[in-house]
Amino acid sequence: MKLDTLCVQAGYEPKNGEPRVLPIAQSTTFVYETADALGKLFDLEADGFFYTRLANPTVDAVEKKIAALEGGVGAMMTSAGQAASLISVTNIAKAGDHVIASAAIYGGTFNLFNKTLRDLGIDFDFVSPTISADDLNVLFKPNTKAVFIETVTNPSLDVVDIEMFAKVAHAHKVPLIVDNTFATPINCRPFEWGADIVVHSTSKYMDGHAVALGGVIVDSGNFDWTQGDYPMLTTPDESYHGVTYTEAFGKAAYIVKCRAHLMRDLGSQASPQNAFLLNIGLETLHLRMPRHCSNAQAAAEFLEKHPKVEWVNYPGLPSNKYYEIAKKYMPNGTCGVISVGIKGGKEGAARFMEGLKIAKIVTHVADARTCVLHPASTTHRQLTDQQLLDAGIAPNMIRLSVGIEDPEDIIADLAGALEQV
Ligand SMILES: *Cc1c(COP(=O)(O)O)cnc(C)c1O
């Protein structure tokens, strides 16, 4: 089946007399007739549900859909994108290990790595998203366990050379993890370019309506853990009846361990209700993404020509430094998010934002409704102008998340607000 069909159909296959629409299995637990049948589930010897922290029929169906969309062997949903990033790394790295990450990643991921995981003893090197293969190559150490990048970054809109990162990582027998939140599998499938693990915040385009937080980890099944140094996967896990994940689960070793080990211990599972809502969003992902991209392209072209605009950052503009690489990895468009610098500094940006009527000021991005955020007066308001520049955030920068309304209305809204500047 093609991607568009998978969005609608994958994951849930009702049998005779069962509901056509994926039902919400709002139950923490599941019934078995014998203790032995339940025991086999605990031993991971049989498939089935016993406790919603580990697996639930509604969540399972949505995991299967996302695995199909990314082309992976399995997926695990989490309560939020943050939990997906956390588990994707700690599933293979522990205290004393080292991870290389792009510096251009979502701010929440940066804090998770640079603060929380550092405090837990994992060492990080952060690299430029445009680092050369040679410069990347020399950063690997004997204890390097993963490389982590983001396809199109939130909010700086850097586009990374996935193939290059994958090749260098693989030369060191290390997997590449890619946060594919902004591109979604509709615009980019990182496994086709050599990535091994994909993570998402499903709270963004996948849900698409800003109704449910969620995250997901997808395993390509392509990385050979037995070739690298991954004793957590290749030697017996005493906390799980001595199972050796690579021997018992082959290509699905990584994703089974995410669930059997870390979801068991951390309990950051997706709720059945949220999985149900996410599934409805996924059913139209293939229709919404092209519209987000064409609307954003039209808005970016309009803004770039406007005399009250200082600069526009959108990979779909020929003037953008990532134009060529974005064409290679995302020929159908990147995402609906644009960043734009309004003339008149912080005040100019604030006046522009307050002049908007359709686009609302919110902390969210990547849903059906056009929205804006001015980092300098909201998420980063405690910083001085100099500190903002050091953090890579221009005081006049607005993050504009273009929705799926009529493009003429969006542009009229932007034009009206620019008159207020
Ligand atoms: C929002 C976001 C996250 C974090 O996801 P939550 O669902 O908010 O926890 C991670 N990565 C990217 C790229 C994001 O945009």
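Engineer: Can you walk me through the overall build of the protein in this structure?
Structural biologist: When helices and strands are tallied, the protein shows 17 helices and 12 strands. Taken against the 2.2 N^0.38 rule, which gives 22 Å for 421 residues, the C-alpha radius of gyration of the protein at 22 Å falls within 12% of a compact globule. Considering only C-alpha atoms, the protein reaches an extent of 70 × 55 × 40 Å along its principal axes. Residues classed as buried in the protein amount to 52% of the 421 residues present.

Engineer: In this structure, what is going on with the packing of helix H4 (residues 81-90) against helix H11 (residues 253-266)? I would like to understand it.
Structural biologist: How two helices pack is summed up by the angle between their axes together with the distance between the axes. In contact at an axis separation of 10 Å, H4 and H11 are set at 115° when each is read in the N-to-C sense. Here the hand of the crossing between H4 and H11 comes out right-handed. Of H11, the residues touching H4 (which contributes Leu86, Ile87, Ser88 and Thr90) are Tyr254, Cys258, Leu262 and Leu266.

Engineer: Even after reading the chapter, I still don't get the packing of aromatic side chains, so can you show me in this structure?
Structural biologist: Aromatic rings in a pair are described by how distant their centres are and how their planes are angled relative to each other. What the rule picks out here adds up to 13 aromatic pairs. Both rings, one in Phe113 and one in Phe124, keep their centres 4.8 Å apart while their planes meet at 15°; by these two values the pair is stacked. Taken together, the positions of Phe113 in helix H5 (residues 107-119) and Phe124 in strand E3 (residues 123-127) put the pair 11 residues apart, joining distant regions of the chain. Both rings, one in Trp225 and one in Tyr230, keep their centres 5.0 Å apart while their planes meet at 85°; by these two values the pair is edge-to-face. Residue Trp225 is classed as buried on the basis of its relative accessible area, which comes to 3%. Taking relative accessible area as the criterion, Tyr230 reaches 2% and is therefore assigned buried. Through a chain of ring-to-ring contacts, the aromatic side chains of Phe110, Phe113, Phe124, Phe126 and Phe148 assemble into a single cluster. The ring of Tyr230 carries the charged tip of Lys145 above its face, separated from the ring centre by 5.4 Å. Stacked on the ring of Tyr106, the Lys or Arg Lys204 has its end atom at 5.0 Å from the ring centre.

Engineer: Explanation requested: the sheet that holds strand E5 (residues 176-179) in the structure shown.
Structural biologist: Working definition: the strands of a sheet are paired by backbone hydrogen bonds and lie parallel or antiparallel to each other. Taking strand neighbours across the sheet as the criterion, the 7 strands line up as E1-E7-E6-E5-E4-E2-E3 in an open arrangement whose pairing is mixed. Two strands in the sheet have a free side with no partner beyond their single neighbour: strand E1 (74-78) and E3. Within this sheet the neighbouring strands show an average axis-to-axis angle of 20°, counted without direction. By the bridge criterion, 3 bridges tie E5 to strand E6 (residues 197-201) in an arrangement that is parallel. Looking at the pairing, Ile177 lines up with Ile197 of E6. Sitting on the sheet, helix H3 (residues 57-70) touches E1, E6 and strand E7 (215-219), and the angle it makes with E1 is about 125°. Packed on one face of the sheet, H11 meets E1, E6 and E7 and runs near 30° to E1.

Rules used throughout
Residues numbered from 1 in each chain as written. Predicted model: local features only at pLDDT ≥ 70, side-chain atom pairs only at ≥ 80, totals over all residues. Heavy atoms only, no water. Helix = DSSP H or I, 4+ residues; strand = E, 2+ residues; numbered from the N terminus. Rg over C-alpha atoms; globule rule 2.2 N^0.38 Å. Buried < 20%, exposed > 50% of the residue type's maximum accessible area, 1.4 Å probe, protein only. Axes fitted to C-alpha atoms, helices over the stretch in contact; angles between N-to-C directions. Left-handed = near helix turned anticlockwise from the far one by under 90°. Contact = heavy atoms within 4.5 Å. Phe/Tyr/Trp six-rings, centres within 6.5 Å; stacked < 30°, edge-to-face > 60°. Lys NZ or Arg CZ within 6 Å of the ring centre and 35° of its normal. Pairing = 2+ DSSP bridges.

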